[in-house]
Amino acid sequence: MAAVTPKTNCPHIPTDDLLLSPVTAIADKLHQGCEECHQCKENWGCLHCGTVQCSRDQNGHMAAHSAKTIFHTCVVSLTDLSFWCYACDSYVTSPELEAVYKTLEARKFPPEKVDGEGLEKMVEGLSISEKPKEEAVIKSFDLAGVAEAIKSGRCRKIIVMTGAGISVSAGIPDFRTPGTGLYYTLERFNLPEPKAIFEISYFQSNPKPFFVLAKELYPGLFKPTKSHYFIRLLHQKGLLLRNFTQNIDTLEVIAGIPDDKLVFAHGSFSTAHCVLCNKAHSVDFVKQTIFADDIPRCSCSGLVKPDIVFFGEGLPERFWKCMDEDFPSCDLLLVIGTSLVVYPFAGLVSQPGDKVPRVLINREKVGRFFHWEDRDVFWAGNCDDGVQALADLLGWGTELQALMDTAPLVDIAKPKPNPEPAPIASPSSTAESSSTSTSTSTATSASSSTSASTVDSSTTPKTTPTTATPDIVSKISAIDAELDASTKPPEPTTPTAPTTPIITPSPSEQAAVTPATTPVEPTKEGVSVAVASKEVPAPVSVPVPVPTTKPEASDVAVTAPVTKDQQEPSQKS
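Overview of the structure. Computed from a prediction, not measured in an experiment: that's the story for all the values here.

## Remarks on the overall build of the chain
Right, so step 1: Helix and strand content of the chain: 16 helices and 16 strands.
Right, so step 2: Within the span of the chain, comprising 573 residues, buried residues form 46% of the whole.
Right, so step 3: Contacts spanning at least 24 positions in sequence make up 68% of the contacts within the chain whose residues lie at least 6 apart.
Right, so step 4: When the accessible surface of the chain is split by element, carbon and sulfur atoms take 54% of a total near 27900 Å².

Take a look at the structure:
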């Protein structure tokens, strides 16, 4: 199911009087399978007729039912009790549907047996506060009660749900805080609406705004916060069952939380694929291109997008797998720094059993909390302050601070540079080092249009390098510098006041006196290979050392100019 913010003005929601019969029918089938294929993994109930059918992620029978009946568009998930409208193609919400939610939640996690008359009463009046009191897991509905339940051992399988709020103190803005949230700072992009920057349809038509923003928010530029380290401390204490996070900044990983304890519900920058052909691309390629202010593209010309979940895209399979595995055994749910408006993630708060305490640490109340008097705790304020207060009550305050103080600093991420041009071997280099440089060079000459001849390197005659004077070394260094700045052949320079006179032979003389050399030329594949020269007579005696042949442009592999919208090499990432 795609990540979507619920629509609040859906015109297809049935009225109160039409909801009673379907909701009663759905409540009786909450734990049954699809009426067509009998699978039980993910089903939906029709709010118009009460039938239960499987989702599009299974065999698609509910979608087929909606298309067949035309007007049966609104359905409720029997997994997380969220609501979907096929006509709007969106999650939806309304006061009427919140009433349905409370009714079905009472039936899904029944405090007692509810007969037909009682169910009808709840649908009409929705007075669930009359539920009989039972002994609560926590003794007081504040952080002190939560801490006591953890220390006593009653809560030892803790699931943590986190959102953008836990990264605010790291310098990453959240999304919806008026004035400072990310959605309030995107005017420069001239978007049709702020969240369009994360909509897959808008991205495909105009990807530039996202990649500009991605450069500013790229993982590695920020340090984890106290909230991240508190979650790591839960893990070290053996109390963390799983951390479900909406965040894509990967600060959880930097903080030291193991991968197997994390579920990136909305993906992350750690992998990337082409949106057209689904080919995988390397993280280094994507990062390098983004930091070069370009748009990464695949060899098929499709856009390459980090695997973060946009509005309109499905959530990772791991999200659903861990949801099914973890929540039945969860005995405490911590929700920290999220607005709980994006589904299906927001629906996770409905997954724990009806007696499982749910704790919200946030600036304001959000989501479907506080329906029960004996399970929900709200702490108002900043996330870091909230986790510090809970850590102090647990007796972990000093340990949490020490964990932060001893954590290694995060280096600012820098894109890896493009491959450097192959270096020119100095006269003092050995033939062996020249061969090594030749075999590892991967740059391609931008102007070369002819194929290089190739031979077995074992047949290439070796040369005995001459000892260079300081002036010759200076000259070669100058050539190196010029080649780094331009693909043009370097101009010859005049040696400055050598202590020993240098005789530069004419081309014909040099051919007679210079030992056979093996010039290096780039092949089409971009790998320089040696070209053998014929044996020549031994050099004639001269009074001073003779410099090696000045390199020509074709002898040096250089980097081709980087183009806009640069494409990743076709090799497998």
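Right, picking up where we left off after that structure.
## Re the sheet that holds strand 1 (residues 43–46)
Right, so step 1: Within the open sheet, the five strands sit side by side as 2-1-3-4-5. Their pairing is antiparallel. One side of each edge strand has no neighbouring strand; the edge strands of this open sheet are strand 2 (52–54) and strand 5 (90–91).
Right, so step 2: Strand direction decides the pairing type here: strand 3 (residues 74–77) and strand 4 (residues 83–85), joined by three bridges, are antiparallel. Residue Cys74 lies in a different strand from strand 4, and its bridge partner there is Cys85.

## A closer look at the pattern of salt bridges
Two side chains of opposite charge can pair, provided their charged atoms sit close to one another.
Right, so step 1: Under the counting rule described, the total for this entry stands at eight salt bridges.
Right, so step 2: Notably, a salt bridge pairs Lys29 with Glu35, separated by 2.8 Å at the nearest N-O pair.
Right, so step 3: Owing to a relative accessible area of 36%, Glu35 belongs among the partly exposed residues under this scheme.

## Some remarks on the packing of aromatic side chains
Right, so step 1: Scanning the entire structure with this criterion turns up 15 aromatic pairs.
Right, so step 2: Plain terms: the ring middles of Phe203 and Phe210 are 5.6 Å apart, the flat faces sit at 85 degrees to each other, and that makes the pair edge-to-face.
Right, so step 3: Looking at Phe203, the relative accessible area reads 1%, which means it is buried.
Right, so step 4: Their ring planes at 65 degrees and their centres at 5.2 Å tell us that Phe210 and Phe211 sit as a pair that is edge-to-face. The pair formed by Phe210 and Phe211 is uniform in burial state, with each residue classed as buried.
Right, so step 5: The cationic tip of Lys195 hangs over the ring face of Phe311; the distance from NZ or CZ to the ring centre is 5.3 Å.

## Focus: the packing of helix 12 (residues 383–394) against helix 13 (residues 397–406)
Right, so step 1: It is at 7 Å that the axes of helix 12 and helix 13 come closest, and there the two elements cross at 130 degrees. Taken together, the axis directions place helix 12 and helix 13 in an arrangement best described as oblique. Where helix 12 abuts helix 13, its residues Gln388, Ala391 and Asp392 lie against Gly397, Leu400 and Gln401.
Right, so step 2: A class-by-class count of the residues in the contact of helix 12 with helix 13 yields two nonpolar, three polar and one charged.

## Details of the nonpolar core
Right, so step 1: Within the largest apolar cluster, 36 residues are counted, with the highest numbers of intra-cluster contacts made by Phe230 and Leu234.
Right, so step 2: Not counting residues within four places of it along the chain, the set of residues in contact with Leu234 comprises Ile158, Val160, Leu239, Leu240, Leu334 and Trp396.
Right, so step 3: In terms of nonpolar packing, the next biggest core, distinct from the first, is built from 32 residues, Trp44, Trp84, Met161 and Val349 among them.

## Observations regarding the sheet that holds strand 10 (residues 280–281)
Right, so step 1: With antiparallel pairing, the three strands of this open sheet are ordered in space as 10-9-11. Each of the sheet's edge strands pairs with one partner strand only, and the pair in question is strand 10 and strand 11 (304–308).
Right, so step 2: Bridge count for strand 9 (residues 267–274) against strand 10 is two bridges, and the pairing is antiparallel. Considered in strand 10, the bridge of His273 is made with Ala280.
Right, so step 3: The strands touched by helix 10 (residues 283–291) within the sheet are strand 9, strand 10 and strand 11, with strand 9 carrying the most contacts at an inclination of about 95 degrees.

## Overview of the environment of Leu333
Right, so step 1: Note on placement: Leu333 falls in strand 12 (residues 332–336).
Right, so step 2: Sequence-wise, Leu333 and Val356 are 23 residues apart; in three dimensions their C-alpha atoms are separated by 7.3 Å.

## Brief notes about helix 5 (residues 143–152)
An α-helix turns once per 3.6 residues; consequently, residues spaced three or four apart project the same way.
Right, so step 1: Buried within helix 5 are the following residues: Leu143, Gly145, Val146, Ala147, Ala149 and Ile150.
Right, so step 2: On its buried side, helix 5 packs onto strand 6 (158–162), strand 12, strand 13 (358–362), strand 14 (376–380) and helix 12.
Right, so step 3: Gly153 sits one or two positions beyond helix 5 and adopts a positive phi of about 95 degrees.

## Digging into the side chain of Thr162
Right, so step 1: Structurally, the position occupied by Thr162 is in strand 6.
Right, so step 2: Among the polar contacts listed, one links the side chain of Thr162 to the side chain of Thr245, at a separation of 3.1 Å.

## Topic: the environment of Phe244
Right, so step 1: With respect to the element layout, Phe244 can be found in strand 7 (residues 240–245).
Right, so step 2: Looking at Phe244, the relative accessible area reads 0%, which means it is buried.
Right, so step 3: Each C-alpha atom, one on Phe244 and one on Ile159, is 7.5 Å from the other, the two residues being 85 residues apart in sequence.
Right, so step 4: Ignoring anything within four residues of it in the chain, the contact list for Phe244 reads Ile159, Val160, Met161, Thr162, Val263, Phe319, Cys322, Met323, Asp326, Phe327, Phe345 and Leu348.

## Side note on the pairing of strand 6
For a regular strand, side chains alternate in direction, first toward one face of the sheet and then toward the other.
Right, so step 1: In terms of residue burial, strand 6 counts as a mostly covered element, since five of its five residues are buried.
Right, so step 2: A two-sided burial pattern is seen for strand 6, the buried positions comprising Ile158, Val160 and Thr162 on one face and Ile159 and Met161 on the other.
Right, so step 3: Two elements, strand 6 and strand 7, share five bridges in a ladder whose sense is parallel. Residue Ile158 lies in a different strand from strand 7, and its bridge partner there is Leu240.
Right, so step 4: Strand direction decides the pairing type here: strand 6 and strand 12, joined by five bridges, are parallel. Considered in strand 12, the bridge of Ile158 is made with Leu332.

About the thresholds
Residues numbered from 1 in each chain as written. Predicted model: local features only at pLDDT ≥ 70, side-chain atom pairs only at ≥ 80, totals over all residues. Heavy atoms only, no water. Helix = DSSP H or I, 4+ residues; strand = E, 2+ residues; numbered from the N terminus. Buried < 20%, exposed > 50% of the residue type's maximum accessible area, 1.4 Å probe, protein only. Contact = heavy atoms within 4.5 Å. Areas by Shrake-Rupley, 256 points an atom, 1.4 Å probe, with all protein chains shown as cover. Pairing = 2+ DSSP bridges. Salt bridge = Lys/Arg side-chain N within 4 Å of Asp/Glu carboxyl O. Phe/Tyr/Trp six-rings, centres within 6.5 Å; stacked < 30°, edge-to-face > 60°. Lys NZ or Arg CZ within 6 Å of the ring centre and 35° of its normal. Axes fitted to C-alpha atoms, helices over the stretch in contact; angles between N-to-C directions. Parallel < 35°, antiparallel > 145°, perpendicular 65-115°, else oblique. Nonpolar A, V, L, I, M, F, W, Y, C, P; charged D, E, K, R; others polar. Core = buried A, V, L, I, M, F, W, Y, C linked by side-chain atoms within 4.5 Å. Polar contact = N/O pair within 3.5 Å; in protein donor to acceptor, adjacent residues only side chain to side chain.

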